[in-house]
Amino acid sequence: MKALTCFLLCFLLLEARGFEIPTNGLSEFAGYGDFAEPAPGKLQLVLENQRRQEDVDQVTLYSYKVQSTVTSRMANTVVQTKMVNHSPEPQVAVFDVQVPKGAFISNFSMSVDGTTFTSSIKEKTLGRALYWQARAKGKTAGLVRSRSLDMENFKTDVNIAPGAKVQFELQYQEAKWRNLGSYEHRLHLQPGRLAKHLEVDVRIVEPQGLRFLHVLDTFDGHFDGVPVVVKGQQKAHVAFKPTVAQQRKCPSCSETAVDGELVVVYDVNREEKVGDLQLFNGYFVHFFAPESMDPIPKNILFVIDVSGSMWGIKMKQTVEAMKTILDDLRAEDQFSVVDFNHNVRTWRNDLVSATKTQVADAKGYIEKIQPSGGTNINEALLRAIFILNEANNLGLLDPNAVSLIILVSDGDPTVGELQLSKIQKNVKQNIQDNVSLFSLGIGFDVDYDFLKRLSRDNRGMAQRIYGNQDTASQLKKFYNQVSTPLLRNVQFNYPQASVTDVTQNNFPNYFGGSEIVVAGKFNPEKLEQLQGIITATSANTELVLETLAEMDGLEAFLSKDKHADPDFTKKLWAYLTINQLLDERSRAPTAAVKKKITKSILQMSLEHHIVTPLTAMVIENEAGDERMLADAPPQDHACCSGTLNYGRKVAPNSLPSWVHPSPTPMVPLPAVGPAVIESTPPPHVMTVENDPHFIIYLPKSQQNICFNIDSEPGKILNLVSDPESGIVVNGQLIGAKELKNGKLSTYFGKLGFYFQREDMKIEVSTETISLSWGSRVSVLSWADSAHLLNQRVLISVKKGKVVTVALGEELSFSVLLHRVWKKHPVNVDFLGVYIPPTNRFSPRVHGLIGQFMHEPGIRIFNERPGKDPEKPEASMEVKGQKLVVTRGLQKDYRIDRMFGRDVPCWFVHNSGKGFIDGHFKDYLVPLLYSFLKRP
């Protein structure tokens, strides 16, 4: 998604006002009172020894309204909610709306107890300056965080006083693309609870005329008969207005059944001329969708990730989808299958025709796949490219066929070439110009930015689906989008004297959709030149398109409908042009070209009031003393679900009326469980610090045993693996910037914690802390301070210092952040991990640290001078082996973060050989949340 896609409004507090977020200890939350039950699946805010209230209407959702109008395939949607706080205490209400992929957010406003906030679009640098100017003057300032994700969200939460009312309104625009013979207009409806007034109005205005229109049953029959459809020749109205009783999941339920999508499917009338040219207000739109062309033959390589992380439902659904896709191949198509983990296999080394026999054999091959091992994306793609290149060089490919590679993967590369830029370079250097690469990323762990770059560089596109979605249907839909060719290399020829600034939607031009849309500006004084003939040239045919340039008739038609958007041609042109320019900017060959394109995007974004990566949305009240900013950090993390949240109490009179007291985009969670490690650090822990140095404390022997691990950047080491308890701790290595004394130092740059029973994954990197539970993902930064609780898992973040992860009262893990000077020629930021020894793991626990939770017997004897007088040697018996160990010092940075505290230990050489079970390479795992597979 090229526009800003997921907005998380997290209102920050000014230090000048003296407000601080609690960082540790339950006492800092005291006096907040009881907490109401939040929406299902959300992280919960609770207090120890306090009763949680359930089924209490603290905040009433008075109305939830969606108004959406589609005028000639250009949709404008407004989502509005109104809430009232009936509680005697201040409450937090959340406005969280899913925005369709590809949409541009154009406006946002809110009214909080009579104070109105409106938005304006500014150049990003100016927007940031306004924000910091507000902070410097002691005004209340907030930050709108934006994260790029293809399931986009706009989210804000506000504090409302007792009896106060709040209203939110969001507006976005999107173009409708024709796919498989129809248009789909999807509206995400997720009010989060029962609404006194719930109204959805969809109006379709199509001058070409409506061929058909219907509403899909996306709520399993719950709302049969509720949608009311009124269809005319050129207009239609869909009204969805369930009563409170109809909204209930069951007659006695207090939960709403309105949680999903309202989908309107329609198509327009098409004449034999196959082209429809609409001109209005100085802009034109040309829709081109021939109906009777034969499908183009395809040469397809399916490249399927079968690494260990695909095990289970993901692999099962992928197999089922592949079987359906294979059944859709035509006899003139050619195909093969490449599957890969740490190795690469091919079902056939050559492309074969999609006969019934070959398809049946391929389906049998896929059914027998057993996921395991790592992920070697580089070699798998090069193998697929080689098969296509060889077939092309031997003249085995139909010159009129299209060739494409479809990559399906759920993880980053862990085997073979690990540098993403090198993989991109390898693919681009080897793939031929007539081959397109499409990528489907499955799950939250996949590097979606990488897949987008990989596909975009090679004439394709990428899409992402999540573990909570039906992988099979999503994969099938993705295949239909990318493998239904219409025309190749279509070029439209317009009279240059009358038409300027022509933009064409790039992707459907080559594959997919079943429609090409061209938009531009025209000169009304030379309109007669457009009344002639326009030609569209494809790879193997020339079509003559008669125009429908009846501007007067279109103007009269639109003027009669108050719901029609008179600016639809202008908006569609701007939408197409900005998207095309963003794509060109990402592929600009020189800095000068990129600068020129950037200037054009910025100018159009400001002129058309559209939020893009180059602009910021400034939101402020009428007095200008409370200001927020929509800005985009570089991360591409998942966000949150599109629901409204209710009933979280906040401290009365502590903040301005609209400010939520957490600086994080997540719900603050309770200060329950172990305290933050800096407050009361246990005296003895098991530690991994620096390069990486392991310190293993053995309580019975009261000895610290140390060893180093010399591995490579990108490798993932298992620290703790307890399959019986369902607990994993893994660390991924990063390298220093350059060699020092002939050696490249490595550090932990990312740590993963997986609590299987709680379905909770936590990724801590040097930049962010991300959490996923079930189908949801949220992200914190190291600039935040928060306490978060989901079931028994507590995450405590102390700004810029430490993250503590606790499982109930049994287990705790702490991660320290080490920042270095950004311009240091060698060193990089890294993480240290501290784990207190405990007997709460099962007997099956293992890993570089986990194996010592059940302490082995050791005997250290025969201490003697070493080669270095300051480092004596000794003999150590452990696990039936006799080792030579050296006395030395390591560091514990929990109390003294600058210089650390010296920890005397006995050092085991050769990467801990003899002290750890096996070789350190036995502890390498393919993914950040993989359990250790013991030999």
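Here, the structure is the one placed above.
Residues numbered from 1 in each chain as written. Predicted model: local features only at pLDDT ≥ 70, side-chain atom pairs only at ≥ 80, totals over all residues. Heavy atoms only, no water.

**Q** Could you clarify how one ought to interpret the pairing of strand β39 (residues 760-765) in this entry?
**A** Counting buried positions along β39 yields 5 of 6 residues, so the element is predominantly enclosed. Strand direction decides the pairing type here: strand β38 (residues 746-755) and β39, joined by 6 bridges, are antiparallel. Each bridged residue has a counterpart across the sheet, and for Y754 the counterpart in β39 is K761. Pairing between β39 and strand β40 (residues 768-773): 5 bridges, direction antiparallel. From the neighbouring strand, K761 faces β40, where its bridge partner is S772. (Buried < 20%, exposed > 50% of the residue type's maximum accessible area, 1.4 Å probe, protein only. Helix = DSSP H or I, 4+ residues; strand = E, 2+ residues; numbered from the N terminus. Pairing = 2+ DSSP bridges.)

**Q** What should I look at first to understand the sheet that holds strand β10 (residues 183-189) in this one?
**A** Backbone hydrogen bonds hold the strands of a sheet together, and the pairing may be parallel or antiparallel. Here 3 strands make up an open sheet; going across it, the order is β10-β15-β12 and the pairing antiparallel. Only two strands of the sheet have a single partner each, and these edge strands are β10 and β12 (210-215). Taking each pair of neighbouring strands and ignoring which way they run, the sheet shows an average axis angle of 15 degrees. Alignment of β12 against strand β15 (residues 260-268), held across 5 bridges, turns out to be antiparallel. (Axes fitted to C-alpha atoms, helices over the stretch in contact; angles between N-to-C directions.)

**Q** When you look at the packing of aromatic side chains in this model, what are you seeing that I'm missing?
**A** Centre-to-centre distance and the angle between the planes together describe a pair of aromatic rings. If you walk through the whole model with that rule in mind, you get 15 aromatic pairs. With a centroid separation of 6.4 Å and 50 degrees between ring planes, the pair formed by F755 and F813 is classed as tilted. Here F755, found in strand β38, pairs with F813, found in strand β45 (residues 811-818); they are 58 residues apart in sequence, far enough to count as distant. These aromatic residues form a ring-pair network of at least three members: F694, F707, F852 and F915. The positively charged end of K761 is found above the aromatic ring belonging to Y754, 5.3 Å away from the centroid. The positively charged end of R859 is found above the aromatic ring belonging to F861, 4.0 Å away from the centroid. (Phe/Tyr/Trp six-rings, centres within 6.5 Å; stacked < 30°, edge-to-face > 60°. Lys NZ or Arg CZ within 6 Å of the ring centre and 35° of its normal.)

**Q** What's the story with the pattern of salt bridges in this structure? I'm lost.
**A** Pairs can form between side chains of opposite charge once their charged atoms are near each other. All told, the structure shown has 26 salt bridges when counted by the stated rule. Of the charged contacts, one joins D333 and K298 as a salt bridge, the two residues approaching to 3.5 Å between their closest N and O atoms. Of this pair, D333 sits in the loop between α3 (313-328) and β19 (334-340) while K298 sits in strand β18 (residues 298-305), placing them 35 residues apart in sequence. For the pair D333 and K298, a shared accessibility class is recorded, and that class is buried. Note that K743 is salt-bridged to D691, the shortest N-O span being 3.1 Å. Here D691 lies in the loop between β33 (686-689) and β34 (693-698) and K743 lies in the loop between β37 (727-735) and β38, a separation of 52 residues in the sequence. (Salt bridge = Lys/Arg side-chain N within 4 Å of Asp/Glu carboxyl O.)

**Q** I would appreciate a short explanation of helix α4 (residues 356-367) in the present structure.
**A** Along an α-helix, residues three or four positions apart point the same way, because every turn accommodates 3.6 residues. Taking 1.5 Å of rise per residue, the 12 residues of α4 would be expected to cover 16 Å, and the 17 Å separating its terminal C-alpha atoms lies within 8% of that figure. Residues V359, A362, K363, Y365 and I366 constitute the buried set of α4. Looking straight down α4, one finds that the buried residues subtend no more than 160 degrees of arc, so they occupy a single side. Exposed positions of α4 whose direction lies more than 90 degrees from the buried face are K356 and T357. Elements in contact with the buried residues of α4: α3, β19 and β20 (344-346). (Expected span 1.5 Å × (residues − 1). Arc of directions from axis to C-beta. Contact = heavy atoms within 4.5 Å.)

**Q** For this particular structure, what's the right way to read the environment of E199?
**A** Its place among the elements puts E199 in strand β11 (residues 197-205). On the accessibility criterion, E199 (26% relative accessible area) is partly exposed. For the pair E199 and Y64, spaced 135 residues apart in sequence, the C-alpha separation works out to 6.5 Å. Discounting chain neighbours no more than four positions away, the residues touching E199 are Y64, K65, V66, F240 and K241.

**Q** What should I look at first to understand the packing of α3 against α4 in this one?
**A** Packed helix pairs are specified by the crossing angle of their axes together with the interaxial distance, meaning the distance between the axes. Where α3 contacts α4, the axes come no closer than 10 Å and their chain directions differ by 175 degrees. Viewed along their axes, α3 and α4 adopt a mutual orientation that is roughly antiparallel. When α3 is examined against α4, the residues V319, M322, K323, L326 and D327 are found in contact with a partner set consisting of V359, A362, K363, I366 and E367. Looking at the contact of α3 with α4, its residues break down into 6 nonpolar, no polar and 4 charged. (Parallel < 35°, antiparallel > 145°, perpendicular 65-115°, else oblique. Nonpolar A, V, L, I, M, F, W, Y, C, P; charged D, E, K, R; others polar.)

**Q** Looking at this structure, how should I read the environment of S439?
**A** As for its position among the elements, S439 is in strand β23 (residues 435-442). Its relative accessible area of 0% is what places S439 among the buried residues. Taking the C-alpha atoms as reference points, S439 and A462, separated by 23 residues in sequence, lie 4.6 Å from one another.

**Q** I'm lost on the packing of helix α6 (residues 420-430) against helix α7 (residues 448-456) in this one. Help?
**A** It is at 10 Å that the axes of α6 and α7 come closest, and there the two elements cross at 20 degrees. By the angle between their axes, α6 is roughly parallel relative to α7. Handedness of the α6/α7 crossing: right-handed. Touching L420, I423, Q424 and V427 of α6 are F450, R453 and L454, all from α7. Classifying every residue of the contact of α6 with α7 gives 5 nonpolar, 1 polar and 1 charged. (Left-handed = near helix turned anticlockwise from the far one by under 90°.)

**Q** Sorry, what's going on with the nonpolar core here?
**A** As a rule of thumb, nonpolar side chains are buried together in soluble globular proteins. Among the nonpolar cores identified, the biggest contains 66 residues, and L719, F753, F755, I762, I849 and F915 are the most heavily contacted of them. Counting residues per element, this core draws most heavily on β38, at 5 residues. One finds F108, F168, I204 and Y266 within the second-largest nonpolar core, a separate group that totals 52 residues. (Core = buried A, V, L, I, M, F, W, Y, C linked by side-chain atoms within 4.5 Å.)

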